[in-house]
Amino acid sequence: MLEISMNGRTVRCPAHRSLQDLLASQGLAGKRVAVECNGAIVPRSAYAETAIASGDRLEIVIAVGGG
Amino acid sequence: MAHTEQAVTPLVIAGRAYASRLLVGTGKYRDLEETRQAVAASGAEIVTVAVRRTNLGQDPAAPSLLDVLPPERYTYLPNSAGCYTAEDAVRTLRLARELLDGHALVKLEVLGDERTLYPNMPETLRAAEVLVRDGFQVMVYCADDPIQARRLQDIGCVAVMPLASLIGSGMGILNPWNVRLVIDAVSIPVLVDAGVGTASDAAIAMELGCDGVLMNTAIAQARDPVAMARAMRLAVASGRLAHEAGRMPMKHYAASPSSPGDGLIAVGRSR
């Protein structure tokens, strides 16, 4: 198991997982999100080939109502 | 009515023309359906949205803002609301650009404190420089200060958006003279962002010569948001039309009656 930080929360997930798998496990498959990994934006086209490593800090954001 | 609104010149931002001069926020509504109805009634083509962490493990079937306001129909204006440093604002808007597939038009907002939500101008200028260099088209929430507005224009922002009174206050156009100074100081569009409370405030902003008005709370917190959205659409269109028509000069004395002076039946009356 890997231990990562996702939106400020510590999450444990199985090793050898791509970012795409991780998003699917959170109910976010096919959803319009943007992802930052360790401070760098991950393009949507790279989700499948982006490997998740222990200690990674992920931010997953969406558009919400605001002014 | 469509005829009347077509008679008004379009709003041009970053080379793109918009028929509506009313821009609306999407926060503080009861639910997404009310958001959809109010935005539709406002006639707005540009809608501003915030960028926030998603709820993890959410219901994949739950509707999102993008479902009720399709990006093919509306121009999204992601904002950096809630950011207090240039770094946070830039980071937020870069995420927004990725979220919206390379979309460059953004609303920069760097706040000074939580009590007033007044813009922090030094941080705003710093963020604007970074974003413009990075290819963003920056519309910027700013103080009603003509010197700062001109600096933002010099940096390359595509519109300046001074507050008319504090965000969410509904206090109206508190310093119309400063708004005028900003309009005179820059050649890029000037939009009042923040402070509008009711339809007459929006009309006053437009009559002053603003290119547009951005509002959220005035619509969302009205008793009937959909009706208020329509009122704001009419007020912004009316105010613009009045501005383009050119108001009569104000005269404190030398009143001139609208009816003819000749042909009065009581010609012999004493004056």
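Worth saying up front: this structure is predicted, and the values here are computed from it rather than measured.

Enquirer: Just give me the short version of the UniProt feature "binding site: 1-deoxy-D-xylulose 5-phosphate" (unreviewed entry) in chain B, but keep the residues and values in it.
Expert: Under the UniProt annotation, the feature "binding site: 1-deoxy-D-xylulose 5-phosphate" (unreviewed entry) is placed at B:Gly168, B:Ala194, B:Gly195, B:Asn216 and B:Thr217. For the annotated residues, spread through 50 residues, the largest C-alpha to C-alpha distance comes to 9.5 Å, consistent with a single compact locus. When you line up the elements, B:Asn216 lands in the loop between strand 10 (212–215) and helix 9 (217–220). For B:Asn216, a relative accessible area of 10% corresponds to the buried category. With residues near it in sequence (within four places) discarded, B:Asn216 still touches A:Gly66, A:Gly67, B:Gly25, B:Thr26, B:Gly27 and B:Tyr29. Among the polar contacts made by the side chain of B:Asn216, one reaches the main-chain amide nitrogen of B:Thr26 at a distance of 3.3 Å. On the secondary structure map, B:Thr217 appears in helix 9. Setting aside its immediate chain neighbours within four residues, B:Thr217 contacts B:Lys28, B:Gly168 and B:Ala222. In terms of polar contacts, B:Thr217 uses its side chain to reach the side chain of B:Lys28, at 2.8 Å.

Enquirer: Which residues make up the environment of B:Asp211, and what values go with them?
Expert: If you trace the backbone, B:Asp211 turns up in the loop between helix 8 (199–208) and strand 10. Along the sequence, B:Asp211 and B:Gly43 sit 168 residues apart, while their C-alpha atoms lie 16 Å from each other.

Enquirer: Outline the environment of B:Thr75, supporting the account with residue identities and numerical values.
Expert: Residues and elements named next belong to chain B. By secondary structure assignment, the location of Thr75 is in strand 5 (residues 75–78). Taking the C-alpha atoms as reference, Thr75 lies 6.3 Å from Val47; in sequence the two are 28 residues apart. Leave out the neighbours within four places in its chain, and Thr75 touches Arg16, Tyr18, Glu45, Ile46, Val47, His103 and Leu105. Looking at Thr75, its side chain comes within polar contact range of the side chain of Arg16, at 3.3 Å.

Enquirer: With reference to specific residues and values, describe the confidence of the model for chain B.
Expert: Confidence in the prediction of chain B, expressed as mean pLDDT, is 92, and 94% of residues score 70 or more. Model confidence for the complex: the whole-complex pTM is 0.90, and ipTM, which rates the interface, is 0.91.

Cut-offs applied
Residues numbered from 1 in each chain as written. Chains lettered and ligands numbered in written order. Predicted model: local features only at pLDDT ≥ 70, side-chain atom pairs only at ≥ 80, totals over all residues. Heavy atoms only, no water. UniProt positions renumbered as here; feature names shortened; annotations may be inferred. Helix = DSSP H or I, 4+ residues; strand = E, 2+ residues; numbered from the N terminus. Buried < 20%, exposed > 50% of the residue type's maximum accessible area, 1.4 Å probe, protein only. Contact = heavy atoms within 4.5 Å. Polar contact = N/O pair within 3.5 Å; in protein donor to acceptor, adjacent residues only side chain to side chain. pLDDT = per-residue confidence, 0-100.

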